[in-house]
Amino acid sequence: MCCEIKRRFLLLYGTQHGQSKAIAEEIAQQAEQHGLVAEVHSLKDTEEFDLQKEKAPVVIVVSTTGTGDPPDPAGKFVKEIHCRSLPVSHFAHLRYGLLALGDSEYTFFCNGGKIIDKRLLELGAQHFCDTGYADDCVGLELVVEPWIAGLWVALEKEVMSSKGAECLSEDSKPLTNGISTYQDMSDAPCLGTHMHLLRISPSDPLPPQQNVMDIDQRISNEDTEPSLVWSVPPLSQAALNIPALPPVYIDVQLQDAPKQEPSFSAMHPEPLFQVAVTKAEQLTMPGAVKTCLLLELDISNESFIYKPGDSFCILCPNPASEVELLLHRIGLLQRKDAQACLSILPGTKKRGATLPQHIPGINNLQFILTWCLEIRAVPKKAFLRALLEHTFNITEKRRLQELCSKQGAADYNRFIRDAGVCLLDLLYAFPSCAPPLSLLIEHLPKLQARQYSAASSILFHPGKLHFAFNIVEFPSCHYRTVARKGVCTGWLADLVAPMLHAKDRTLLTSGEERVETVPPKVSIFTRPSNSFHLPADPSVPILMVGPGTGISPFIGFLQERSKLREQYPDWNFGSTWLFFGCRHHDKDYLFKEELRCFIKNGTLTHLKICFSRNSPNSSKEAPMKYVQDCLRACARDVAKILLKENGYFYVCGDAKNMAKDVNDALMDILSAELAVDKLEAMKTLASLREEKRYLQDVWS
Ligand code: FAD
């Protein structure tokens, strides 16, 4: 009977940083409980699946990267389905469901998924369930969890209606729980990305480690405010639905072996360049809210190529002090130099378990925690669920159960996700929690290299690469007793501190000999932009919007233009507009002198600056606080350049508010100038984007 055999569906994911992959793995894991078998492939492995011949339902999970692009590994797939010679009925047989991941802080929300979705529909494919749009800004799980719950219902119908054998798995086996179990489970409350198997009520018998004092204390604190470790009614008295325990799958053996040279290339397939930091300069004045540094890298001996507008990635380590604390907390500080041998746990229940590729072969423990795992990552609910198995105090255990439960979703968002709590914070807040190393390796994501926009042109600074960044700071708070800096920016700031101090000393004591320091080195790799470059035709006017460090690529553009003007005095150069914003005129006006020179030599024709925190002047006009205010003030010119002069519009910097506010301003400008409604203006913006004349390079 059909319901007694596992039915196959094809599950494809396109991932940049592993989130889509993790969700696809979660779906594959849950499929078991629904009597289904997921055949999982990355969209990059196009030779391993064939949508043209696919008869089973297809599920696609795809994230968004860059300025609304599908993730890099999905590039080949996207190109293939966009082949113009494909007939409109190419995928007429195909039934699919798509989950798009994105971040609504960015203008082109979930656009990676939208591009694929649109094209599949154009080629005749049909949805068997509605497309989900999960928003990392508010928490992916808010959409992912209900979408997956709905997926099982839709897949069930789909598989039942499709012609039986076509969907059968090759390893069809009798079901142990079958459809009836699924139907039972569909009545259960929706409980996170995992099928919810455990229902915990406060009246359940307490395990042997119960600490009655803790429980009494908890009751007597009912009126107090909730916190990371503390809950109040109704949550503290609620029956909880918690996720199923993720199956363990990694075995770690520690061996005392001679230290080996760590290999970065195994973790990062991109060609790596080890380059010296030859200059460090503080761009902001003391007293500025954020400290911005400009670094110069020496790429003269490398085959490292970049164009203004490109960005690149820096490999950075976790802070040594936090690695030590973590090792201490999991009881392995004494063994930090031991080699960790990873293998798949025999008999694991995790389907398709593979070793994490970001941990190269055999490596010492300290190296793994320093360079491979994002130990600052906010723990996901599945991680909390796994941690509570290793937590012995009953009060702590209950709180962890709450935090990963459906009922505790608001507390999870408030006290973990929004607070930026990391594993170390949790281990200190929950002292009886003692997870094994293997659990950390299973749940901590890959430590990502950080991306930075080039703030220079090779024409202007031969053999050099400049970039500017703000040192990210997280103040101390009740669960984090010491202030922290961003992983990469904090590390870079420490790395170049001797250079900055040496310079200060030289400036302060005139006549003193310059203190030479050995230039520190960093490992980088290229991340060229697809389109965020100067127009090929220099006569085309350009509008650049870049508040704060968002000015970086435009400094590169202007350096390039200024050299080209010198080299080709006969060329016709279009007008060059820069909209820059900062807080205070005399504290964080980045690249002030350089901009003045560009104005003076005619490279920059229009410089529009606003200061958000300068004390208001006596003028009756509305103050220009933000770049979008300046844009609105220049509405006529902006519209003329974009609509009549084929101009380019570039935006770079903070994705949180700025990119959206600039987009809104642009929409208002176009709608007023063209005398059309917002919808029409939006269409005009969309076509500018398609023509690659409206370009964004934004980050949060
Ligand atoms: P991280 O440690 O990664 O922390 C950064 C973010 O994590 C915080 O902003 C916050 O959202 C969250 N977070 C972490 N811990 C906490 C906590 N305890 N509490 C609350 N929130 C927390 N940056 C620049 O300065 N200049 C550039 O030119 C530049 N170009 C970029 C270009 C691109 C295409 C992209 C994608 C990004 C760019 N960035 C740039 C951003 C840069 O890559 C880094 O994200 C940034 O420098 C912070 O890195 P970090 O490791 O220091 O901070």
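Only a predicted model underlies this, so the values are computations on that prediction, with no experimental measurement involved. (Residues numbered from 1 in each chain as written. Predicted model: local features only at pLDDT ≥ 70, side-chain atom pairs only at ≥ 80, totals over all residues. Heavy atoms only, no water.)

K.L.:
In this structure, what is going on with the overall build of the protein chain? I would like to understand it.
P.N.:
When you go through the protein chain residue by residue, the secondary structure sums to 20 helices and 24 strands. Within the protein chain, the fraction of its 700 residues that count as buried is 52%. A sequence separation of at least 24 residues applies to 79% of the contacts in the protein chain between residues at least 6 apart. (Helix = DSSP H or I, 4+ residues; strand = E, 2+ residues; numbered from the N terminus. Buried < 20%, exposed > 50% of the residue type's maximum accessible area, 1.4 Å probe, protein only. Contact = heavy atoms within 4.5 Å.)

K.L.:
Just to check I follow, could you spell out unusual backbone geometry for this structure?
P.N.:
Keep in mind that most residues, glycine aside, have a negative phi and that most peptide bonds are trans. The step from Pro233 to Pro234 runs through a cis peptide bond, and the omega angle for that step is 5 degrees. Note that Pro234 resides in the loop between helix H6 (212-220) and strand S8 (240-242). In this model, Cys110 sits at a positive phi of 60 degrees, which is unusual for a non-glycine residue. Topologically, Cys110 is positioned in the loop between strand S4 (95-102) and helix H3 (111-122). With a phi angle near 60 degrees, Lys692 is a residue other than glycine that sits in the positive phi range.

K.L.:
What exactly am I supposed to notice about the site of the ligand here?
P.N.:
In the vicinity of the ligand, 19 residues are found, and the nearest of them are Arg450, Gln451, Tyr452, Cys488 and Thr489. Separating an oxygen atom of the ligand from a backbone N or O atom of Ser453 is a distance of 3.2 Å. In the environment of the ligand, an oxygen atom lies 2.9 Å from a nitrogen or oxygen atom belonging to the backbone of Val487. About the coverage of the ligand: the protein hides 74% of its 970 Å² of free accessible area. Listed by contribution, the elements that provide at least two residues to the shell around the ligand are strand S15 (450-453), strand S16 (464-470), helix H14 (487-508) and strand S24 (694-699). Ranked by the residues each element gives to the shell around the ligand, the list is headed by S15, at 4 residues. The residue makeup of the shell around the ligand, split by class, is 9 nonpolar, 7 polar and 3 charged. (Near = heavy atom within 4 Å. Polar contact = N/O pair within 3.5 Å; in protein donor to acceptor, adjacent residues only side chain to side chain. Areas by Shrake-Rupley, 256 points an atom, 1.4 Å probe, with all protein chains shown as cover. Nonpolar A, V, L, I, M, F, W, Y, C, P; charged D, E, K, R; others polar.)

K.L.:
Help me understand the packing of aromatic side chains in this model?
P.N.:
To describe a pair of aromatic rings, you give the distance between the ring centres and the angle between the ring planes. For the coordinates displayed, the defined rule picks out 24 aromatic pairs. By the ring-pair criterion, three or more aromatic residues cluster together here, those being Phe532, Phe554, Phe557, Tyr648 and Tyr650. Lys114 extends its terminal NZ or CZ atom over the ring of Tyr133, reaching a point 5.7 Å from the ring centre. Cation over ring: Arg689 sits above Phe108, and NZ or CZ is 3.5 Å from the ring centre. (Phe/Tyr/Trp six-rings, centres within 6.5 Å; stacked < 30°, edge-to-face > 60°. Lys NZ or Arg CZ within 6 Å of the ring centre and 35° of its normal.)

K.L.:
I would appreciate a short explanation of the nonpolar core in the present structure.
P.N.:
Generally speaking, a soluble globular protein has its nonpolar side chains buried in company with each other. Of all hydrophobic cores here, the largest spans 50 residues; its most connected members are Leu228, Leu373 and Leu384. Counting residues in hydrophobic clusters, the runner-up holds 30 residues, among them Ile299, Tyr306, Ile314 and Leu465. (Core = buried A, V, L, I, M, F, W, Y, C linked by side-chain atoms within 4.5 Å.)

K.L.:
Even after reading the chapter, I still don't get the sheet that holds strand S22 (residues 606-611), so can you show me in this structure?
P.N.:
Within the open sheet, the 5 strands sit side by side as S22-S21-S20-S23-S24. Their pairing is parallel. The open sheet has two free edges, formed respectively by S22 and S24, since each of these has just one partner strand. Put simply, the sheet's adjacent strands are angled 10 degrees from each other on average, direction ignored. Alignment of strand S21 (residues 576-582) against S22, held across 6 bridges, turns out to be parallel. Across the sheet, the residue bridging to Gly581 is Cys610, located in S22. (Pairing = 2+ DSSP bridges. Axes fitted to C-alpha atoms, helices over the stretch in contact; angles between N-to-C directions.)

K.L.:
How should I be thinking about the sheet that holds strand S9 (residues 250-255) in this particular structure?
P.N.:
Sheets are built from strands that pair by backbone hydrogen bonding, the pairs being arranged parallel or antiparallel. The 3 strands lie next to each other as S9-S13-S14, forming an open sheet whose pairing is antiparallel. Edge positions in the open sheet fall to S9 and strand S14 (363-364), since each of these has one partner strand only. Summarising the sheet, strand S13 (residues 339-344) and S14 pair through 2 bridges and their orientation is antiparallel. Across the sheet, Ala340 pairs through a bridge with Asn363, a residue of S14.

K.L.:
Help me understand the environment of Asp418, please; the structure alone is not making it clear to me.
P.N.:
Within the element layout of this structure, Asp418 appears in the loop between helix H11 (409-417) and helix H12 (423-429). Exposure remark for Asp418: the relative accessible area of 53% places this residue in the exposed category. Distance in space between the C-alpha atoms of Asp418 and Gly139 is 9.5 Å, their sequence separation being 279 residues. Reaching out from Asp418, the side chain makes a polar contact with the side chain of Arg417 at a distance of 3.0 Å.

K.L.:
Explain the pattern of salt bridges here, please?
P.N.:
Pairing is possible between side chains of opposite charge, provided their charged atoms come close. For the coordinates displayed, the defined rule picks out 34 salt bridges. The residue Arg7 makes a salt bridge to Glu156 at a minimum N-O spacing of 3.6 Å. Taken together, the residues span a long stretch of sequence, with Arg7 in strand S1 (residues 7-14) and Glu156 in helix H4 (residues 141-161) at a distance of 149 residues. Within this structure, Glu322, Arg376, Asp425 and Arg484 form a network of salt bridges that share partners. (Salt bridge = Lys/Arg side-chain N within 4 Å of Asp/Glu carboxyl O.)

K.L.:
Teacher, can you tell me more about the environment of Ser236 here?
P.N.:
One can find Ser236 in the loop between H6 and S8. Classification of Ser236 as buried rests on a relative accessible area of 12%. The spacing of Ser236 and Glu402 is 166 residues in sequence and 7.8 Å in space, taken between C-alpha atoms.

K.L.:
When you look at H3 in this model, what are you seeing that I'm missing?
P.N.:
What sets the pattern is the α-helix's 3.6 residues per turn: residues three or four places apart point alike. For H3, which comprises 12 residues, the first-to-last C-alpha distance of 16 Å matches the rise-based estimate of 16 Å (1.5 Å per residue) to within 8%. What H3 keeps buried is the set Asn111, Gly112, Gly113, Ile116, Asp117, Arg119 and Leu120. Among the structural elements, strand S3 (58-62), helix H2 (75-81), S4, strand S5 (126-127), strand S6 (132-135) and helix H20 (678-690) are those in contact with the buried residues of H3. Gly124 sits one or two residues past H3 and shows a positive phi near 95 degrees. (Expected span 1.5 Å × (residues − 1).)

K.L.:
Explain the side chain of Arg480 here, please?
P.N.:
Structurally, the position occupied by Arg480 is in the loop between strand S17 (473-474) and strand S18 (484-485). For Arg480, the side chain forms a polar contact with the main-chain oxygen of Pro475, separated by 3.1 Å. With near-sequence residues (within four places) excluded, Arg480 lies in contact with Ala419, Gly420, Asp425, Phe474 and Pro475.

K.L.:
Would you take a moment to explain the packing of helix H1 (residues 19-31) against H4 for this structure?
P.N.:
Two elements in contact, H1 and H4, have axes separated by 12 Å at closest approach and are oriented at 40 degrees. Our classification of the angle between H1 and H4 gives oblique. By crossing handedness, the relation of H1 to H4 is classed as right-handed. Contacts between H1 and H4 pair Ile23, Ile27, Gln30 and Ala31 from the former with Val144, Trp147, Ile148, Leu151 and Trp152 from the latter. Considering only residue class, the contact of H1 with H4 consists of 8 nonpolar, 1 polar and no charged. (Parallel < 35°, antiparallel > 145°, perpendicular 65-115°, else oblique. Left-handed = near helix turned anticlockwise from the far one by under 90°.)

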